[in-house]
Amino acid sequence: MAGDIITDNLGANPIEELLNRSGLWTLRFLLITLAISPLRLLFRKWPIMKYRRMLGLFVFFYATVHLLVFLVFDHSLNGTDIVEAITISPAVQIGLIVYLILIPLAVTSTNDMMRRLGKRWAKLHNFVHTAALLSIAHFAFSEKVDISIPLYYGAFLIFLQLTRIVLNKRKQIALLKRPHLQQDGEFEA
């Protein structure tokens, strides 16, 4: 995107092109980040988990770029125009909600915050699934005519969620079959 800005290679509507690209990369990195857990469950020895936090921060980075393009280039930091856009556009409303969800996820992504929050950290970071679903809705509402591409991304999100559910269920069943876990009560269903 930066290269295309410098070389003036963004087409007839550069602001819309920047919004589309930054939004699309936000969604792509979000889905890639969500794909890590199912991939880890499928390929146990694959050392992919160490990249999840970095990818999550890429999500926040591109979401911030997307928001800045909207605020600075699309609305020239004009408060009245921004409030009007929020008021009349479901796409903008949903996008703002997604960004508000991503802020605490990014802020609490450090090892120190993981220790401080303990079990609450995992509960907080489960909101990434809500952010993903709302991102698909934001994308669909943003499209003027054809929503087939947001639907493809939505289908991929559903696939990831179903895969995650099935693999977690298998993992629970395998753990329940271990005799020491059944007797000691270490595992709660």
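Please refer to the structure placed before this passage.
Numbers given for residues are sequential positions, taken from 1 along each chain in its written order. Owing to the predicted nature of the model, reporting of local features is limited to residues with pLDDT of at least 70; listing and counting of side-chain atom pairs is limited to 80 or more, with chain, interface and lining totals taken over all residues. Values shown for side chains rest on all heavy atoms present in the structure; no hydrogens or waters enter the calculation.

A. Helix α5 (residues 90–107), seen in detail. Only DSSP runs of H or I with at least four residues qualify as helices, and only runs of E with at least two residues qualify as strands; both kinds are numbered from the N terminus onward. Take the residue count of a helix, subtract one, and multiply by 1.5 Å to get its expected span. With 18 residues, α5 extends 26 Å between its outermost C-alpha atoms, agreeing within 8% with the 26 Å of an ideal straight helix rising 1.5 Å per residue. Think of it in three bands: with a 1.4 Å probe and only protein chains considered, a residue is buried below 20% of the maximum accessible area for its type, exposed above 50%, and partly exposed in between. Within α5, the full set of buried residues consists of Ala91, Val92, Ile94, Gly95, Val98, Tyr99, Ile101, Leu102, Leu105 and Ala106. Here the buried face of α5 lies against α3 (52–74), α4 (79–88), α7 (119–125) and α8 (127–142). Contacts: residue pairs with any heavy atoms within 4.5 Å of one another.

B. The packing of aromatic side chains, seen in detail. To pair, rings of Phe, Tyr and Trp, with the six-membered ring standing in for Trp, must have centres within 6.5 Å; the planes then decide the type, stacked if under 30 degrees apart, edge-to-face if over 60, and tilted in the middle. Inspection of every chain in the model, using the stated rule, returns seven aromatic pairs. Relative to phenylalanine 29, the ring of tryptophan 25 lies with its centre 5.6 Å away and its plane at 40 degrees, an arrangement referred to as tilted. One end of the pair, tryptophan 25, and the other, phenylalanine 29, are both in helix α2 (residues 14–42), four residues apart, so they sit about a helical turn from each other. Owing to a relative accessible area of 35%, tryptophan 25 belongs among the partly exposed residues under this scheme. For phenylalanine 29, a relative accessible area of 13% gives the class buried.

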